[in-house]
Amino acid sequence: MKLNWNKAAKWSRLLILVGLLVWVIYESYMHQVLGGGKAPSIHALCPYGALESLYTLLLTGSFIKKVYSGTVVLLVLTVALAVLFRRSFCGLLCPFGALQEVFAKIGQKLFKKRFIIPQKIDGILRYFKYVVLVFTVGMAWYYGSLWMSPYDPYAALGHISAISGTIAEDPLSIIGFALLFITIIGSFLYDRFFCKYLCPAGAVYAIIGKLSPTKIERNDSLCVHCKKCDKSCPVNIEIEKQERITTAECINCNDCVLACPVKGALEVKVARKTVHPMVMVVLVVGLFFGTIVTAQLTGNFQILPLAVAQGEVIPIYEVKGYNTIEEATTLTGLTLDEVYQQLAIPKSVPKDTQFKNISVLIPEYKFDEAKANAGGSEGEATSGGASTPGTLDVSGIKGSMTIQEAMDSLSMESKDFYALFKIPDTVPPQTILKEITNVSPGYDFQQVKDSLSVPSSTETTENTSGTVDVSGIKGSMTIQEAMGSLSMESKDFYALFKIPDTVPPQTVLKEITNISPGYDFQQIKDSLQ
Ligand code: SF4
Ligand code: SF4
């Protein structure tokens, strides 16, 4: 039996799209169940996240939260695909495009027709995705975070299995779920509704795709003007009226070519060479998965947070919502009782509970607040009392507050607050304190807060100075020398001076900042004296 390559091209494109949609939904579900350390989040799998991270990456060499090297690989790869084969990511690989095609097919079965928005309105609306692109990238670069996340219908799709928890955590995410609902309803009636009007990633590929040598070409001398190509196009391009389809709207699905009844009347051309749609599928899919497999084999495709190395410990405020209380003991080196105590977890909560689920058992429990307070017991002890005259009580400042909220609560001028908390001037006041590290890597809000809290507690100062006299420790000493002069264990010394575990003991104290930017030996020493 002779293989029908046209049918093979049509069905393989649809199967790949639906397969990727199912896989992304599965991974997102597993992310909710197992947590971010074991299954990737939908953000890590979206190339647009890497574009949102680009400014921070170029400026600081680090990614914004939830974006990893694998996300950047996806961005570079999809941009390369756009240069070579126009918006073929949209036509052949995008899970959100697949979702729209699935609902469009159901809608066409139900209504027996494709609805089309009047051309004038449609033409104007298509520019809206470029506005969304400029706005969302601008906001993400300004704030150094995935600013769009709560409004993103694709992110909402990834959180659909945890809809109530997601809205409880961030009420703005209801907008993302509403946009997802609108996209699904819109797709019932209009093909690729979100792609045509709203998708900022599609806008990027559309602009870059203009450089591509890939085009659809119609041979007028063979064309019988049946308009089957027009009827098959999911983005409503009027193919029958043109000889070369150069519009940025074409998603390289090649449905028009496959629908054409006359051989040679409508063809895909790459640099003027005819390419069969099945070959296009093989090229695009091969390049996409081939690059990902190569990146994985060479260790350049990270889509999960790095696991904590064996023997290493992290501060309690760095445990994640997907960790269980019991896991936190291994991660932090604390006992179970200490974890319960430092994160103020009621004893009735079982130890195998994930932190993010404690609020399901104890609704008033706020994990982020507990983390922000962790280690701040001195502050809590003084929070009910009056501040020492001439000093500021910063115990009420939580990591979950924005800079603006914190300034307001202390009634401080912006300049003074930035100086007190050592926040770089470039960080916008809408930034959440504990997320400043995304914009200014190495900045550790909790560490700065702790250094401001210690001197305000007379009791703590007395305890510290009564136990360890650090006045003889000089910045020119190595860690090893300093430990020796205090006769301290390495673990205790690192904890006392808040030195990251990755810093070798041969490092000169005042040079730790070269390995761990933001670390300020003198400031920590001062806080201990
Ligand atoms: S326009 Fe956006 S949602 Fe549509 S296929 Fe392209 S990237 Fe996906
Ligand atoms: S012009 Fe052809 S290849 Fe382009 S989107 Fe329309 S049907 Fe697909």
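Scoring rules and cut-offs
Residues numbered from 1 in each chain as written. Chains lettered and ligands numbered in written order. Predicted model: local features only at pLDDT ≥ 70, side-chain atom pairs only at ≥ 80, totals over all residues. Heavy atoms only, no water. Helix = DSSP H or I, 4+ residues; strand = E, 2+ residues; numbered from the N terminus. Buried < 20%, exposed > 50% of the residue type's maximum accessible area, 1.4 Å probe, protein only. Contact = heavy atoms within 4.5 Å. Areas by Shrake-Rupley, 256 points an atom, 1.4 Å probe, with all protein chains shown as cover. Lys, Arg positive; Asp, Glu negative; His and termini not counted. Charge placed at Lys NZ, Arg CZ, Asp CG, Glu CD. Core = buried A, V, L, I, M, F, W, Y, C linked by side-chain atoms within 4.5 Å. Pairing = 2+ DSSP bridges. Near = heavy atom within 4 Å. Nonpolar A, V, L, I, M, F, W, Y, C, P; charged D, E, K, R; others polar. Patch = residues over 30% accessible without salt bridge, like charges linked within 9 Å, V, L, I, M, F, W, Y side chains within 5 Å. Salt bridge = Lys/Arg side-chain N within 4 Å of Asp/Glu carboxyl O. Domains from an automatic or database assignment. Buried area = accessible area lost by both parts, 1.4 Å probe. Polar contact = N/O pair within 3.5 Å; in protein donor to acceptor, adjacent residues only side chain to side chain. Phe/Tyr/Trp six-rings, centres within 6.5 Å; stacked < 30°, edge-to-face > 60°. pLDDT = per-residue confidence, 0-100. Axes fitted to C-alpha atoms, helices over the stretch in contact; angles between N-to-C directions. Parallel < 35°, antiparallel > 145°, perpendicular 65-115°, else oblique. Left-handed = near helix turned anticlockwise from the far one by under 90°.

Caption draft 1: Quick look at the overall build of the protein chain. From N to C terminus, the protein chain includes 29 helices and 4 strands. Projected onto its principal axes, the C-alpha coordinates of the protein chain cover approximately 95 × 45 × 45 Å. Counting over 529 residues, the protein chain shows a buried share of 48%. The contacts in the protein chain between residues at least 6 apart in sequence include a share of 68% that link residues at least 24 apart. Looking at the protein chain as shown, the accessible area adds up to about 26200 Å², and 62% of this sits on carbon and sulfur atoms. Here the protein chain carries 47 positive and 48 negative side-chain charges, and the mean point of each set is 19 Å from the other.

Caption draft 2: Representation of the nonpolar core in the model. If you look at the biggest cluster of nonpolar residues, it comprises 69 residues, and the most contacted ones within it are Tyr 48, Leu 93, Phe 96, Ile 216 and Ile 239. Tallying contributions element by element places helix 3 (residues 69-85) first for this core, with 8 residues. With sequence-adjacent residues up to four places away left out, Leu 93 is seen in contact with Ile 16, Leu 17, Leu 20, Leu 81, Ser 88, Val 284, Val 285, Phe 288 and Phe 289.

Caption draft 3: Quick look at the sheet that holds strand 4 (residues 273-275). Pairing is antiparallel across the open sheet formed by 4 strands, whose spatial order is 2-1-3-4. Both outer strands of the open sheet, strand 2 (244-245) and strand 4, are each paired with one neighbouring strand and no more. Sheet topology places strand 3 (residues 266-270) next to strand 4; 3 bridges connect them, and they run antiparallel. Residue pairing in the sheet places Val 270 in a bridge with Lys 273 of strand 4.

Caption draft 4: Just the site of ligand 2, in detail. Every residue lining ligand 2 is accounted for by Ile 216, Cys 233, Pro 234, Val 235, Ile 237, Ile 239, Cys 250, Ile 251, Asn 252, Cys 253, Asn 254 and Cys 256. For the shell around ligand 2, a count of residues per class yields 10 nonpolar, 2 polar and no charged.

Caption draft 5: A look at the site of ligand 1. Inspection of the region around ligand 1 gives 13 residues, with Cys 90, Cys 94, Arg 192, Cys 195 and Cys 199 positioned closest. Sorting the residues of the shell around ligand 1 by element identifies helix 4 (88-93), helix 5 (95-111), helix 11 (193-197) and helix 12 (200-209) as the ones contributing at least two each. Each residue belonging to the shell around ligand 1 can be placed in one class, and the counts come to 8 nonpolar, 3 polar and 2 charged.

Caption draft 6: Region of interest: a nonpolar patch on the surface. A grouping of Tyr 29, Val 33 and Leu 34 is seen on the molecular surface, where their side chains present a nonpolar patch of about 250 Å² in accessible area. Among the secondary structure elements, Tyr 29 is positioned in helix 1 (residues 5-34). By relative accessible area, Tyr 29 is classed as partly exposed at 45%.

Caption draft 7: Examining the pattern of salt bridges more closely. The tally for this structure, following the rule as stated, stands at 14 salt bridges. Across the pair Arg 244 and Glu 217 runs a salt bridge, and its minimum N-O distance is 3.0 Å. Residue Arg 244 is located in strand 2, and its partner Glu 217 is located in strand 1 (residues 214-218); the two are separated by 27 residues in the primary sequence. Put simply, Glu 240 and Lys 227 hold a salt bridge, and the shortest N to O gap is 3.8 Å. In this pair, Glu 240 sits in the loop between helix 13 (228-232) and strand 2 while Lys 227 sits in the loop between strand 1 and helix 13, placing the two residues 13 residues apart along the sequence. With a relative accessible area of 12%, Glu 240 lands in the buried category.

Caption draft 8: Up close: the domain arrangement of the protein chain. Looking at the assigned domains, one finds that the protein chain contains domain 1 (10-208) and domain 2 (316-373). When each unit is reduced to the centre of its C-alpha atoms, the spacing between domain 1 and domain 2 is 33 Å. Taken together, the two surfaces of domain 1 and domain 2 that pack against each other cover about 350 Å², and 34% of this comes from carbon and sulfur. At the boundary of domain 1 and domain 2, one finds 0 residue pairs in polar contact (both at pLDDT 80 or more).

Caption draft 9: View of unusual backbone geometry. In this model, Arg 192 sits at a positive phi of 45°, which is unusual for a non-glycine residue. Tracing the sequence through the fold places Arg 192 in the loop between helix 10 (173-189) and helix 11.

Caption draft 10: Local environment of the packing of aromatic side chains. By the definition in use, this model includes 20 aromatic pairs. Among the aromatic side chains, those forming a connected cluster through ring pairs are Phe 111, Phe 115, Tyr 190, Phe 193 and Tyr 197.

Caption draft 11: Layout of the confidence of the model for the protein chain. Counting all residues, the mean pLDDT for the protein chain is 85, and 92% of those residues have values of 70 or more. The model gives residues 376-391 a pLDDT under 50, and that stretch makes 12 contacts with residues more than four places away or in other chains. Confidence drops under pLDDT 50 across residues 454-466; counting only partners more than four residues distant or on other chains, this segment forms 11 contacts.

Caption draft 12: Broad picture of the side chain of Arg 218. Of note, Arg 218 is situated in strand 1. In this structure the side chain of Arg 218 is engaged in a polar contact, spanning 3.5 Å, whose partner is the backbone oxygen of Ile 239. Filtering out sequence-adjacent residues up to four positions away, Arg 218 remains in contact with Cys 223, His 225, Ile 239, Glu 240, Lys 241, Gln 242, Glu 243, Ala 265 and Leu 266.

Caption draft 13: Structural view of the packing of helix 5 against helix 10. Orientation of helix 5 relative to helix 10, taken along the N-to-C sense of each, is 45°, at an axis distance of 6 Å. By the criterion of interaxial angle, the relationship of helix 5 to helix 10 is oblique. Helix 10 is crossed by helix 5, and the crossing has right-handed handedness. Taking contact as the criterion, the partners of Phe 96, Leu 99, Gln 100, Phe 103, Ala 104, Ile 106, Gly 107, Gln 108, Leu 110 and Phe 111 in helix 5 are, on helix 10, Leu 180, Thr 183, Ile 184, Ser 187, Phe 188 and Leu 189. Grouping the amino acids of the contact of helix 5 with helix 10 by side-chain chemistry returns 11 nonpolar, 5 polar and no charged.

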